[in-house]
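Notes for the structure review
Here is how the chains run, residue by residue.
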Amino acid sequence: MRVAARHLFEHALAESSIDRAFEKHVTCERGVLRVCEDLYDLHTYHRIFVVSLGKAAHTMVNGLEMQAGERFEGIVASSVAPASQIRGFRYFLGGHPAPNQESIRAAEAMLKSLDSQDASSLVLFLISGGGSSIAEKPIDDEISLEDLIATYQTLVRSGASIAEINAIRKHLSAIKGGRLARAAHLAQQVSILVSDVPDNTPDALASGPTMPDSTSIEDCDRIAAKHDLQPQFPTSVRELFQRHALEETPKSDDPVFHRSRWWTVLSNATLIEAAKTEAERQGFKVEIDNSCDDWDYVRAADYLLNRARELRKHSERTCLISGGEVTVKVTQGGTGGRNQQFALACARKISGDNITVLSAGTDGIDGNSSAAGAIVDGTTEDRAQVRGLNAEAHLRNFNAYRFFHALGDAIITGPTGNNLRDLRILLTY
């Protein structure tokens, strides 16, 4: 069952590749570029400029080149170095999960290049997850890079959902929340999205640099109060909240979006459907339950394990698939991530039971570890005790990676060049 769970995850990853998505949704024939249902005659534009941003930035720009040839110029910003570079593009190695100096340079280069585009320009935005930190410029010059990093760390460790985190990021950024689109407002714009956010909040992807913002300053104040963030923010950010000095982001009725289009070519739903199809082919009775998206990891573990046990009452071999992300409020900094923390929480609850649980991120990087996630079953706790590993201590110290690395149960893929949120697979037998 451990082999089966790993196979389902790896199969879903392969079926949800960016190359396959571009072959299906992005094509170019005789100089006419098709993006889903839109057609763009490239001969009618004086200039075509590409901005590729996020963990999948290299894969996406390579996919565009494969479909349309070497006819573009632009900027590529990712958190990993490219295997090779395409002529005509400038490359930036931004930080993740926190921005770095190269993130600032990438954002400044984007703003400068987009500001020079006019009505005869076509701008292609290739956006994927992780873009929030990979390219960033604070809205206020008083916010230093150190303050920006401290703010990101506060948000990520707060227990806030990704939507809540991005609402605040948008209002603190010169490029997020539609402000990148504002910089290129004269040009025809089309955004191609590989989404790692809930399907009903596409503007949360990379904090929505090219989309109308559905969040407001009032939302930011409410979120900051809910998670008691102001005392934890650095002074420069805290004062913006205290003085009510945040600037509102452009909304759906803003004229900057009159020549903008957005298309999602890959999302968590693609991944889930691929896993479901393969699990059914393997003879499992399959159910999908995404209701614990953005739940605390302990609550999510209890809920999904109860669902799996209920399913087992009706079928001998069952597969419960759950997409999205769980949240973890980190109080002590070990090595791990939300997927490994979730898996370790499950391990303690299924000891001796015929349940296998896999939880992994599609980008190949879980938290601050080198693993994508982990796999556990009814034997995990016993095998850990034989090796002298205390599951409760590793869980309490948010040190799940060291636990799973010692057991050989960490899932290592390396950076995948994709980012479609997380996948949890629970098998009963």
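Please read these numbers as outputs of a predicted model, since none were measured by experiment.

Reading the values: rules and limits
- Residues numbered from 1 in each chain as written.
- Predicted model: local features only at pLDDT ≥ 70, side-chain atom pairs only at ≥ 80, totals over all residues.
- Heavy atoms only, no water.
- Helix = DSSP H or I, 4+ residues; strand = E, 2+ residues; numbered from the N terminus.
- Rg over C-alpha atoms; globule rule 2.2 N^0.38 Å.
- Buried < 20%, exposed > 50% of the residue type's maximum accessible area, 1.4 Å probe, protein only.
- Contact = heavy atoms within 4.5 Å.
- Areas by Shrake-Rupley, 256 points an atom, 1.4 Å probe, with all protein chains shown as cover.
- Phe/Tyr/Trp six-rings, centres within 6.5 Å; stacked < 30°, edge-to-face > 60°.
- Lys NZ or Arg CZ within 6 Å of the ring centre and 35° of its normal.
- Lys, Arg positive; Asp, Glu negative; His and termini not counted.
- Salt bridge = Lys/Arg side-chain N within 4 Å of Asp/Glu carboxyl O.
- Polar contact = N/O pair within 3.5 Å; in protein donor to acceptor, adjacent residues only side chain to side chain.
- Pairing = 2+ DSSP bridges.
- Axes fitted to C-alpha atoms, helices over the stretch in contact; angles between N-to-C directions.

**Topic: the overall build of the protein chain**
- Within the protein chain one finds 16 helices and 15 strands.
- Here the protein chain has a C-alpha radius of gyration of 22 Å; the compact-globule value for 429 residues is 22 Å, and the two agree.
- Within the span of the protein chain, comprising 429 residues, buried residues form 59% of the whole.
- Contacts spanning at least 24 positions in sequence make up 78% of the contacts within the protein chain whose residues lie at least 6 apart.
- For the protein chain, the exposed surface amounts to about 17300 Å²; the carbon and sulfur share of it is 47%.

**Description of unusual backbone geometry**
- Of note, the bond from histidine 96 into proline 97 is cis; its omega dihedral lies within 30 degrees of zero at 10 degrees.
- Within the fold, proline 97 resides in the loop between strand S6 (89-93) and helix H4 (101-115).
- Look at phenylalanine 398: it is not a glycine, yet its phi comes out positive at around 55 degrees.
- Among the structural elements, phenylalanine 398 can be located in the loop between helix H15 (391-396) and helix H16 (400-407).

**Brief notes about the packing of aromatic side chains**
- Enumeration according to the criterion identifies four aromatic pairs in this entry.
- Of note, arginine 299 hangs over the ring of tryptophan 295, and the distance from its end group to the ring centre comes to 3.6 Å.

**Brief notes about the side chain of aspartate 196**
- The topology assignment puts aspartate 196 in the loop between strand S8 (188-194) and helix H9 (217-226).
- Of the side chains with opposite charge, lysine 55 comes closest to the buried, unpaired aspartate 196, at an N-O distance of 6.0 Å.
- Of the polar contacts made by the side chain of aspartate 196, one reaches the side chain of asparagine 419; its length is 3.1 Å.
- When neighbours within four sequence positions are excluded, aspartate 196 is seen to be in contact with Gly129, Gly130, Leu205, Glu325, Asn419, Leu420 and Arg421.

**Considerations on the pairing of strand S2 (residues 32-35)**
- Here S2 shows a clear split, with Leu33 and Val35 buried on one side and none of Val32 and Arg34 buried on the other.
- Where strand S1 (residues 26-29) and S2 come together, four bridges link them in antiparallel fashion. Bridging from a neighbouring strand, cysteine 28 pairs with leucine 33 of S2.
- From the end of S1 to the start of S2, which pair antiparallel, there are two residues, and arginine 30 there has a positive phi angle of about 55 degrees.
- Of the strand pairs in this sheet, S2 and strand S3 (residues 38-41) are connected by four bridges, and their pairing is antiparallel. Across the sheet, residue arginine 34 finds its bridge partner in S3, namely leucine 39.
- Here S2 hands over to S3 after two residues, with cysteine 36 in that stretch at a positive phi of 55 degrees.

**Some thoughts on the sheet that holds strand S12 (residues 355-361)**
- Pairing in this open sheet of six strands is mixed, and the strands run S10-S11-S15-S12-S13-S14 from one edge to the other. Two strands bound the open sheet, and with one partner strand each, they are strand S10 (285-288) and strand S14 (410-411).
- With five bridges connecting them, S12 and strand S13 (residues 373-377) associate as antiparallel partners. Its bridge partner lying in S13, threonine 356 is registered against aspartate 377.
- Contacts from helix H11 (residues 268-281) reach S10, strand S11 (318-324) and strand S15 (422-428), with the element oriented near 170 degrees to S11.

**Here's the deal with the sheet that holds S3**
- The strand order across the open sheet formed by three strands is S1-S2-S3, and the pairing between neighbours is antiparallel. Only two strands of the sheet have a single neighbouring strand rather than two, namely S1 and S3. For this sheet the average axis-to-axis angle between neighbouring strands, irrespective of direction, equals 20 degrees.
- Against the sheet, helix H2 (residues 18-25) makes contact with S1 and S2, and its axis sits at roughly 50 degrees relative to S1, the strand it touches most.
- The sheet contacts of helix H3 (residues 57-68) involve S1 and S2, and relative to S1 the element is tilted by about 30 degrees.

**Description of the side chain of threonine 356**
- Note on placement: threonine 356 falls in strand S12.
- Polar side-chain contacts of threonine 356 include one of 2.9 Å to the side chain of tyrosine 429.
- If we ignore the near neighbours within four places in the chain, the residues touching threonine 356 are Met1, Arg2, Ala5, Ile375, Val376, Asp377, Ile425, Leu426, Leu427 and Tyr429.

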